[in-house]
Amino acid sequence: MARVSIPTDQNDAAVEESDSTPPQQMIETEDEENKSLTKKIKDLEICVPIAYGTISFWLGKKATETQSHMWTVYVRGATNEDLSAVIKKVVFQLHPSFSNARRVVESPPFELTERGWGEFEIAISIFFHNDVCDKQLDLFHPLKLYSEAEHGPLSTKKPVIVESYDEIIFPNPSDKFLARVHNHPSVIVPRLPPTLNLPHAPMDDTRRGDTKDHPHGQWFNRFSEADELLKLAEARQQVQNHIVKLKRRLSMLEG
């Protein structure tokens, strides 16, 4: 897991250097490009967990020399939520051998499906809405068609899936962004002070975020903080068990 902090704009550095503004208060910064004032919340961070990866299926009897697998590359919410309240578009850069190797997806689900025979690294660029962040997030992910963990005959029923989990941090968010996502099921927002007044979010924005059924949902990993803590606890227990075994062997050799 990685936590990626993205300044929401070039004014954030100036905002963070000022200590005269009380915590979690609304301040105004000037947008030099649009010549307008943006209201931002100081000393507050919004966390957006995302999962990105590929899932590939062997085509079996339908496989050819140049098209042996069907695969999908995607960016999704950690538990498959719609992230269009945060993400404006996603650009996938495929291998140059593909026709129109630069693919732009401007609506959810942020994914594309192709067919091919080879593995390669896919560049993923995530662009956010103007009131979220003016910087893009660049990621890289390997397309895997063959399992490295399992050996034996290929199967058309069980796919090969490789996923990564990141948490994107947006410091000093705009009031419009915060209003749109403060009730979003996959966005982590700290408790807000009762004196903080947010603008009304449009209806089409408040509906975003509902979990959607995905045809590959049964194969997706479920990422959560509780799951991560459980994995750490299991790994710690395995290390402790290994240490006990080593001590036993050492005592036998010395005895």
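Before any of the text, the structure's been laid out above.
If you're wondering where the values come from, they're calculated on a predicted model, not measured in any experiment.

What counts, and where the lines are drawn
Residues numbered from 1 in each chain as written. Predicted model: local features only at pLDDT ≥ 70, side-chain atom pairs only at ≥ 80, totals over all residues. Heavy atoms only, no water. Helix = DSSP H or I, 4+ residues; strand = E, 2+ residues; numbered from the N terminus. Buried < 20%, exposed > 50% of the residue type's maximum accessible area, 1.4 Å probe, protein only. Areas by Shrake-Rupley, 256 points an atom, 1.4 Å probe, with all protein chains shown as cover. Pairing = 2+ DSSP bridges. Axes fitted to C-alpha atoms, helices over the stretch in contact; angles between N-to-C directions. Contact = heavy atoms within 4.5 Å. Core = buried A, V, L, I, M, F, W, Y, C linked by side-chain atoms within 4.5 Å. Polar contact = N/O pair within 3.5 Å; in protein donor to acceptor, adjacent residues only side chain to side chain. Phe/Tyr/Trp six-rings, centres within 6.5 Å; stacked < 30°, edge-to-face > 60°. Lys NZ or Arg CZ within 6 Å of the ring centre and 35° of its normal.

**Student:** Now, about the overall build of the chain: what can you tell me, with residues and values included?
**Tutor:** In terms of regular secondary structure, the chain is built from four helices and 11 strands. By the burial criterion, 40% of the 255 residues in the chain qualify as buried. Carbon and sulfur atoms make up 51% of the accessible area of the chain, which totals about 15500 Å².

**Student:** Give a description of the sheet that holds strand E9 (residues 121–128) that names residues and reports values.
**Tutor:** An order of E7-E6-E9-E10 is seen for the four strands of this open sheet, with the pairing classed as antiparallel. With one partner strand each, in any of the chains shown, strand E7 (102–105) and strand E10 (137–142) form the two edges of the open sheet. Sheet twist, expressed as the average angle between the axes of neighbouring strands with direction ignored, equals 20°. With six bridges joining them, strand E6 (residues 87–93) and E9 adopt antiparallel strand pairing. Counted as the bridge partner of Val 91 is Ser 125 from E9.

**Student:** Quick one: what's the story with unusual backbone geometry, residue by residue and with numbers?
**Tutor:** Outside of glycine, negative phi angles account for most residues, and trans bonds account for most peptide bonds. Cis geometry is adopted by the peptide bond preceding Pro 109, which originates at Pro 108 and carries an omega value of 0°. Look at Asn 100: it is not a glycine, yet its phi comes out positive at around 55°. By secondary structure assignment, the location of Asn 100 is in the loop between E6 and E7.

**Student:** Could you give me a rundown of the environment of Lys 88, with the residues and numbers involved?
**Tutor:** Within the element layout of this structure, Lys 88 appears in strand E6. Accessibility expressed as a relative area gives 41% for Lys 88, which makes it partly exposed. Put simply, Lys 88 and Val 132 are 44 residues apart on the chain and 9.5 Å apart in space, counted from C-alpha to C-alpha. In contact with Lys 88, other than residues within four places in its own chain, are Glu 106, Phe 110, Phe 127, Phe 128, His 129 and Asn 130.

**Student:** Hey, could you go over the nonpolar core for me, with residue numbers and the actual values?
**Tutor:** By size, the foremost hydrophobic cluster in this structure holds 39 residues, and its most contacted members are Trp 71, Phe 92, Ile 124, Ile 126, Phe 128 and Phe 170. Breaking this core down by element, the ones donating at least two residues are strand E4 (45–58), strand E5 (69–77), E6, strand E8 (110–116), E9, E10, strand E11 (160–171) and helix H2 (175–181). Not counting chain neighbours up to four residues away, the residues in contact with Phe 128 comprise Ile 6, Val 86, Ile 87, Lys 88, Cys 133, Lys 135, Leu 137, Ile 168 and Phe 170.

**Student:** Tell me about the side chain of His 184, and name the residues and values.
**Tutor:** As for its position among the elements, His 184 is in the loop between H2 and helix H3 (203–206). A polar side-chain atom of His 184 sits 3.1 Å from the main-chain amide nitrogen of Ser 186.

**Student:** Describe the packing of aromatic side chains, naming the residues involved and giving the relevant values.
**Tutor:** For the coordinates displayed, the defined rule picks out six aromatic pairs. Between Tyr 74 and Phe 220, the ring centres sit 5.0 Å apart and the planes meet at 50°, which makes this aromatic pair tilted. In this pair, Tyr 74 is assigned in strand E5 and Phe 220 in the loop between H3 and helix H4 (225–254), connecting sequence segments 146 residues apart. The residues Tyr 74 and Phe 220 share a single accessibility class, namely buried. Note on Phe 98 and Phe 120: the rings are 5.7 Å apart at their centroids and 50° apart in plane angle, and the pair reads as tilted. Highlighted residues: Phe 98 in the loop between E6 and E7 and Phe 120 in the loop between E8 and E9, separated in sequence by 22 residues. A relative accessible area of 12% places Phe 120 in the buried class. Cation over ring: Arg 76 sits above Phe 220, and NZ or CZ is 4.3 Å from the ring centre. The cationic tip of Lys 89 hangs over the ring face of Phe 127; the distance from NZ or CZ to the ring centre is 4.9 Å.

**Student:** Go over the environment of Val 48 with me, naming the residues and quoting the values.
**Tutor:** Tracing the chain through its elements places Val 48 in strand E4. In this structure the C-alpha to C-alpha distance between Val 48 and Ser 186, which are 138 residues apart in sequence, comes to 6.8 Å. If sequence neighbours within four positions are ignored, Val 48 has contacts with Leu 83, Val 86, Asp 166, Glu 167, Ile 168, Phe 170 and Val 187.

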